[in-house]
Every structure is written in C-alpha cells, then in structure tokens.
Amino acid sequence: MENFLLGLGDVFNQTSLAFMLFGVVCGIVVGAVPGLSGPMAIALCIPLTYYMTPVGAVGFLVGINKGGTFGGSIASILLNTPGSPESAATCYDGYPLALQRKGEKALKISLFASFFGDTISAISLVLLSVPLASVALKLAPADICAIILFSLVLVSGLDTGSMSKGLIAGALGMLLGCIGLDPVSGQPRLDFGILQLSAGIPLMCLAIGTLAMSEILFQMQKSRLLEKSGAELARTASRAESRVSRAELKSVIRTAVRSSGIGVVIGVLPGLGATMAAFMAYGAAKKASRHPEEFGKGSLEGVAAPEAANNAIIGANLVPLLTLGIPGNVAAAIILGAFMIHGLTPGPLMFEENPRLIYGIYVAVFMAGLMNLLAGSAGLRLFIQVMGIPRSILYPAVLYICIVGAYLVGSSVFGVGVMFCLALLGFFMRKFGYSFVTFLIGFVLAPGFELSLQQTLILSGDDPSVFVTRPLPLIMLAASVLLAFRTWRNARKKPDPAPDSENAPFSLD
C-alpha cells in the first residue's frame, strides 16, 4: 500500500499531470493530420523527457500514444484518409456518417470507444503484469533468447506479410544494434574508429530518422497532398444531429466490450499490432450485429469497434514490455528507449526493485486515458481545424523539430548526420516494402538477445544443444520455424502488392 500511495503521488502533481495533458493534446493534433502518426510524435518528443521523472516520462509518452490513436480517427472519419493503417477500418462507416452530416457524432462515438478501450487495457495491465512477471523471473537466459527470437519472427511475418522482407529488416536492425561495445568482453565493434559510435547508434536518432523524417520525405515525394481548409473540414463535421443519444450510446457498449477484449488479447502478443486488432474487431462486430446490413453505410457500431480495439492495444502492449522487456509494436519500442534514457531496464526484476515505479505507471495509464477523453471532448472542433494547416507550413516545421530533436540527443551535429542517414534508409525501406517497424524492434531487441545468447553459451560451455534440451526454447524455436514456413507458404498463394501503390478503395468483400 505504501508503494501504491507513493506512485499515486508521483502522478498526481502539477508537473506530471501538465505534461500528460500536453502529451495527449500533441498526440491528437499530430494524429489528426493525414500522413503523421502517434509513434512519430513519440519519437519527436523523446528529448523532452530527459528532465522528467520516469513516471512523468512514461505518462507523457503514453498520453501521446493514446491521443495519436484517437486523432487518427479524425482524418479517417472526415477525409476518408487514414493517417495510419490501424485507422483504415474506421473509414468504412466513419466517412459515410460524415457524408450524412453526422461527422461530429461519429467522432464522439470514436472518443467514447477509445476511452472504453483505454480503461479495459489499463485494467488488463494491472491484472496480467504481476503474474507474468513472476513467471518471467524463473526464465533462464536460453528461454529469454528463444522468446526474443520468436517475437522477432512473429513481428517479421505479420507486419508486412512477406517473411523474407521482414526478416531482412529485422536482421538489419539487429546488425545496427550491435554497433558499439560488446556487452560481455567490452571490445569495440563496427564503429570504424568513430568515437561517437563507441556507445552505439542513439535510439532516438534512429527513431526520429526512420519514423518522422522518412515519413515526411515519403509524403513529400507523393504527387497528391491534401490541402483542404480547416473551415471546409469543420463544415463536414456539422453540429446538426451531433448529439449522441442514450440509446445510441447503449447500442455500442456491447461492441466496445467485445472489441476491447480482442484488442487486449492481440496486444499482449508481440507483433500482431493494432491493424489486425482493428479489422478483427470490425469483422466480429459485423457478424454479431443485429443490423449487419448497415455496416459500410454509416453504422455507429462500425466506428466503435476498431477504435475500441486500437486503444485497447496501448495498455496491453505494456504487459510484455514491463514483464519481459519485449516491445509489441513501434510505440512500445520507443517507450522502451525512454526507460533506457532514465537508466531503467524493463523486465521482471523491475517489479521487485521498483514497485513504486510500477504502481506509478499503472496510475499514469489510467490518467492518460481519462485526459484523452476530457481533452477530446473539450477541443474536438478545434482539433478538426488543425487538419486544415497547409502542408507547405506543416512539413518544414516537422523537419525543424526532427533536426532539433536529433541534436539534443548528444548536443552534437553528429546525431543530426546519423538521423539524416537513417531517414534515407527508412525512406527506401518504405519505398520497397521493407518493414521499418520490424527494423526498429530488431534494433531495440538486439542488446537483450545478444546478452542472453552469450550468457547461455557461457553457462553451457559453448554447447548450443541447450536450446533443444530445455522445453521452452525448444517450443519457441519450433514455433518460430512453423510460423516462418506458414507465412512463406501463404505469401506464395497471393501476389505481393506493390509497396508504393496508391490506396485502393476500401472493401471488405
């Protein structure tokens, strides 16, 4: 109880609450702009956490993630243009509602479903973390190594659908993660005599370059850019029939509960991601609905389902991150970097060594969801106006923030150069369909994988048979091979879509 009260005090102070609210607002603003996303905002705002407390930093970043997820629904509903893949399912019924002059009502349903999913995921984080951490404490280095390998294979296959491209991206990320000093012997590796690389490539330079900078380059090279004015978008979300009745709210509660459950289950498993959760929740809602014929024509249930699942992913993704140190998606990978900045290593030992921090994170996740609801309700029409910012103003501002953020990592121009190089790498990875998400997660998992691998070989006397004599590594390795084979076989049955093709009209048929 004492640790809970201390964690509560770490969250309920003016500084932590102010930064959390600021994070939510930033996330909504960035998520509402087509082409920008929550993970991009997290990467840009990491330097701001240097002088925060660990709990304040996590609450700030989780607030950005929650706000960015809701903000993505604004562009999906009003413009039929999802800012990120997980927002695509919201377009099916959100945009038809906007065409019926019910855009604001759709946004309110989206906000309610987001808060519902946030709450369910926060409860799941509290209930699942401690039991899973107690199990993780009993894992040997060989077990951890096999689990990390399975997670990387899982992410590689599911994020792009192309196992070969996913594994190449993940392997490249792990290769860059090996730059610097060997974790056991302390010998320098792959630094080419450059002193600044002796500590490895800064995670924040890599995140800003591959997420934010490469996305801006990718958007700028496209021939079409949205230039609608804020006033025009505001008219799309007319106040006519914008009130959500009690009957309408009651009609989407069952859908929100079901979709939140789907999001929690998928979020706990690394690599499945919010996109799969959103489409699975949408399909389940359509099958369970009493009026399935309304889906695709402006159903409120069709808006609530993907949004509840999207937001349920956020808290559930923190379960493997806190208990095993394995990020489930790109946002969790960046939050893992924030832990490292503050000298913390997520894993089962954190529950024994820093219980006050764990309770503070629990409270911060609940509060971030509540602030997302309050900020979204109070400033809904204001956030709509943000979508009208001309790209000729927006993109240079984001580029400037990228450069400043990379410079602040080490107060050196070297970080800016690394960021530009990685931005070009990220641009071509997007262009040719290689998963930058798998690349980033591979980079983050590389130190833990290498350390556990070396510890396993040292303890076994350089005998690799330990991976097939222990039950858990054997199961994980067999699952990795089976998953890789099934993904490869499924990819051969259907043609691989062009990575830079224009978005086709959405259809569930």
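Residues numbered from 1 in each chain as written. Predicted model: local features only at pLDDT ≥ 70, side-chain atom pairs only at ≥ 80, totals over all residues. Heavy atoms only, no water.

A. Here's a closer look at the overall build of the protein chain. From N to C terminus, the protein chain includes 22 helices and 2 strands. Every one of the 509 residues in the protein chain was classed for burial, and the buried ones make up 54%. Within the protein chain, contacts between residues at least 6 apart in sequence are counted, and of these 80% link residues at least 24 apart. When the accessible surface of the protein chain is split by element, carbon and sulfur atoms take 67% of a total near 21700 Å². (Helix = DSSP H or I, 4+ residues; strand = E, 2+ residues; numbered from the N terminus. Buried < 20%, exposed > 50% of the residue type's maximum accessible area, 1.4 Å probe, protein only. Contact = heavy atoms within 4.5 Å. Areas by Shrake-Rupley, 256 points an atom, 1.4 Å probe, with all protein chains shown as cover.)

B. The arrangement of the side chain of Thr 323 in detail. Summarising the element assignment, Thr 323 is placed in helix α13 (residues 300-324). Overall, Thr 323 belongs to the buried group, its relative accessible area being 0%. A polar side-chain atom of Thr 323 sits 2.6 Å from the main-chain carbonyl oxygen of Val 319. (Polar contact = N/O pair within 3.5 Å; in protein donor to acceptor, adjacent residues only side chain to side chain.)

C. Examining the nonpolar core more closely. Membership of the largest hydrophobic core comes to 116 residues, with the highest contact counts inside it found for Leu 61, Ile 74, Ile 201, Ile 334, Phe 339 and Cys 402. Apart from residues no more than four positions distant in its own chain, Leu 61 is found in contact with Ile 42, Ile 46, Thr 49, Ile 335 and Ala 338. Core analysis: the second largest hydrophobic core is formed by 13 residues, Ala 89, Tyr 92, Ile 266 and Ala 305 among them. (Core = buried A, V, L, I, M, F, W, Y, C linked by side-chain atoms within 4.5 Å.)

D. Quick peek at helix α11 (residues 246-268). Taking 1.5 Å of rise per residue, the 23 residues of α11 would be expected to cover 33 Å, and the 33 Å separating its terminal C-alpha atoms lies within 8% of that figure. Taking the largest bend as the criterion, α11 deviates by roughly 30°, centred on Ile 253. Along α11, the positions that sit buried rather than exposed are Val 252, Thr 255, Ala 256, Ser 259, Ser 260, Ile 262, Gly 263, Val 264, Ile 266 and Gly 267. (Expected span 1.5 Å × (residues − 1). Bend = angle between axes of the 7 residues up to and from the residue.)

E. Highlighting a nonpolar patch on the surface. Taken together, the side chains of Ile 123, Val 126, Leu 127, Leu 128 and Phe 366 define a hydrophobic patch exposed on the protein surface, amounting to about 400 Å² of accessible area. Residue position: Val 126 is located in helix α6 (residues 103-136). (Patch = residues over 30% accessible without salt bridge, like charges linked within 9 Å, V, L, I, M, F, W, Y side chains within 5 Å. Salt bridge = Lys/Arg side-chain N within 4 Å of Asp/Glu carboxyl O.)

F. Inspection of the packing of aromatic side chains at higher detail. Summed over the entire model, instances satisfying the criterion amount to 6 aromatic pairs. Ring centres 6.0 Å apart and planes at 80° place the aromatic pair Phe 19 and Phe 60 in the edge-to-face group. Note that Phe 19 is positioned in helix α2 (residues 14-32) and Phe 60 in helix α4 (residues 54-79), a separation of 41 residues in sequence. A centroid spacing of 6.1 Å and a plane angle of 85° characterise the contact between Tyr 359 and Tyr 362, whose relative ring orientation is edge-to-face. Here the residue Tyr 359 and the residue Tyr 362 both occupy positions in helix α16 (residues 355-378), the gap between them amounting to 3 residues, near one helical turn. We classify Tyr 359 as partly exposed; its relative accessible area is 34%. (Phe/Tyr/Trp six-rings, centres within 6.5 Å; stacked < 30°, edge-to-face > 60°.)

G. Summary view of the side chain of Thr 49. Considering the arrangement of structural elements, one finds Thr 49 in the loop between α3 (38-45) and α4. Beyond its immediate sequence surroundings of up to four residues, Thr 49 is in contact with Ala 57, Phe 60, Leu 61 and His 342.

H. View of the confidence of the model for the protein chain. Residues at a pLDDT of 70 or more form 81% of the protein chain, whose mean pLDDT is 76. Taken together, the stretch residues 496-509 has pLDDT below 50 and engages in 18 contacts with residues farther than four places along the chain or on a different chain. (pLDDT = per-residue confidence, 0-100.)

I. Representation of the pattern of salt bridges in the model. Counted according to the given criterion, the structure contains 3 salt bridges. Residue Asp 118 pairs with Lys 66 through a salt bridge whose shortest N-O separation is 3.1 Å. Of this pair, Asp 118 sits in helix α6 while Lys 66 sits in helix α4, and the two are 52 residues apart along the sequence. Look at Lys 66 and you get buried, because its relative accessible area is 0%. A salt bridge links Glu 450 to Arg 189; the shortest N-O distance between them is 2.2 Å. Note that Glu 450 is positioned in helix α20 (residues 436-459) and Arg 189 in strand β2 (residues 188-189), a separation of 261 residues in sequence. For Glu 450, a relative accessible area of 12% puts it in the buried group.

J. Spatial organisation of the packing of α11 against α13. At a closest axis distance of 6 Å, the pairing of α11 and α13 adopts a crossing angle of 35°. In the packing of α11 onto α13, the handedness of the crossing is right-handed. Taken together, the residues of α13 that come into contact with α11 (itself represented by Glu 248, Ser 251, Val 252, Thr 255, Ala 256, Ser 259, Ser 260, Gly 263, Val 264, Ile 266, Gly 267 and Val 268) are Leu 300, Glu 301, Ala 304, Ala 305, Ala 308, Ala 309, Ala 312, Ile 313, Ala 316, Asn 317 and Pro 320. Residues of the contact of α11 with α13, tallied by class, amount to 14 nonpolar, 7 polar and 2 charged. (Axes fitted to C-alpha atoms, helices over the stretch in contact; angles between N-to-C directions. Left-handed = near helix turned anticlockwise from the far one by under 90°. Nonpolar A, V, L, I, M, F, W, Y, C, P; charged D, E, K, R; others polar.)

K. Examining the environment of Lys 108 more closely. Mapped onto the elements of the fold, Lys 108 is located in helix α6. Sequence separation between Lys 108 and Leu 373 is 265 residues, and the spatial gap between their C-alpha atoms is 9.7 Å.

L. Molecular detail of the state of the cysteines. Applying the stated criterion to the full structure yields 0 disulfides. With no disulfide of its own, Cys 45 lies closest to Cys 26 among cysteine sulfurs, the gap being 5.2 Å. Judged by its relative accessible area of 11%, Cys 45 falls in the buried class. (Disulfide = S-S within 2.5 Å.)

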